[in-house]
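# Close look at the chain arrangement
Next come the chains, spelled out residue by residue.
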Amino acid sequence: MSTVSYWTADLPAAVEWYSDFLGTKPYFERPGYAEFRIGDYQHELGLIDTRHAPAGHAIDPGGAILYWQVDDVEAVRRRLLEKGATELEPVIDRGHGFITASVVDPFGNVLGIMQNPHYLEMLRSRTGS
């Protein structure tokens, strides 16, 4: 994954919501688009006004879930729900240290969160820590 794009009918509200949740402002903005760099590898999270969605593109929650690595799934899930997200999938311990949950943000996008030991192993192998 290098970039994930979330659609929103209210770009200013989505920018404010994600800025507050992520604790950072977008590093790049232009009319109809805002982009954050987040995480260990500075992956890109783009917010795009639904007016720019491809013809026939579904903007309702569905399809694949992209999971973001977090240190504490329950704590992040709780914070997302407090900010107005709704639960899609509760916290699930999938065994061997893999824990997942997912929510739908106030703009209709699915946001997956995960504790992933494989991700941490790969991060340590690249950073030497």
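These notes cover the structure that comes with them.

Rules used in this analysis
- Residues numbered from 1 in each chain as written.
- Predicted model: local features only at pLDDT ≥ 70, side-chain atom pairs only at ≥ 80, totals over all residues.
- Heavy atoms only, no water.
- 1 Å grid on protein atoms, 1.4 Å probe; cavity = no way out; pocket = protein on both sides within 12 Å on 5 of 7 lines; lining within 4 Å.
- Points joined across faces, edges and corners; volume = space filled by probe spheres on them.
- Helix = DSSP H or I, 4+ residues; strand = E, 2+ residues; numbered from the N terminus.
- Nonpolar A, V, L, I, M, F, W, Y, C, P; charged D, E, K, R; others polar.
- Buried < 20%, exposed > 50% of the residue type's maximum accessible area, 1.4 Å probe, protein only.
- Pairing = 2+ DSSP bridges.
- Arc of directions from axis to C-beta.
- Contact = heavy atoms within 4.5 Å.
- Polar contact = N/O pair within 3.5 Å; in protein donor to acceptor, adjacent residues only side chain to side chain.
- Core = buried A, V, L, I, M, F, W, Y, C linked by side-chain atoms within 4.5 Å.
- Salt bridge = Lys/Arg side-chain N within 4 Å of Asp/Glu carboxyl O.

The computed volume of the largest pocket comes to approximately 550 Å³. Forming the walls of the largest pocket are 22 residues, and the residues nearest its centre are I38, G39, W68, Q69 and V70. Secondary structure elements with two or more residues in the lining of the largest pocket: α1 (11-22), β4 (43-49), β5 (67-69) and β8 (110-115). Classifying every residue of the lining of the largest pocket by side-chain character gives 16 nonpolar, four polar and two charged.

Counting buried positions along strand β7 (residues 99-104) gives six out of six residues, so the element sits mostly inside the fold. Taking every second residue as pointing to the same face, both faces of β7 are buried, with I99, A101 and V103 on one and T100, S102 and V104 on the other. Between the antiparallel neighbours strand β6 (residues 86-93) and β7 lie five residues, among them G95 with a positive phi of about 90°. Relative to β8, β7 is paired through six bridges, and the arrangement is antiparallel. Within the sheet, the bridge partner assigned to I99 lies in β8 and is Q115.

Now for helix α2 (residues 73-82). Buried within α2 we find V73, V76, R77 and L80. For α2, the buried positions fall inside an angular range of 100° around the axis, keeping them on one side. Elements that come into contact with the buried residues of α2 comprise α1, β6, β7 and β8. The opening residue of α2 is D72, an N-cap whose side-chain oxygen sits 3.2 Å from the backbone nitrogen of E74. Phi for G84, located one or two positions after α2, is positive at around 110°.

With that settled, the discussion passes to the side chain of N116. Along the chain, the position of N116 falls in the loop between β8 and α3 (117-127). Judged by relative accessible area, N116 falls into the buried class, the value being 16%. Within the structure, the side chain of N116 is placed 3.0 Å from the backbone nitrogen of Y119, a separation counted as a polar contact. The contacts of N116, once residues within four sequence positions are left out, are Q69 and F98.

So, on to the nonpolar core. With 24 residues, the main nonpolar core has Y6, Y18, L45, L47, L80, L111 and I113 as its most contacted residues. Where this core is concerned, the elements lending two or more residues are β1 (3-8), α1, β3 (33-38), β4, α2, β7 and β8. Looking at which element gives the most residues to this core, the answer is α1, with six residues. Those residues in contact with L80 that sit more than four places away from it in its chain are W17, F21, A85, V103, L111 and I113.

Turning our eyes to something else, we now look at the pattern of salt bridges. In this structure the tally under the stated criterion is seven salt bridges. A salt bridge links K83 to D20; its shortest N-O distance comes to 2.7 Å. Of this pair, K83 sits in the loop between α2 and β6 while D20 sits in helix α1, and the two are 63 residues apart along the sequence. Among the ionic pairs, D49 bridges to R51, the shortest N-O distance being 3.0 Å. The exposure class of D49 is buried, given its relative accessible area of 7%. Given the relative accessible area of 68%, R51 is considered exposed. Through salt bridges with shared partners, a single network forms among E74, R77, R78 and E87.

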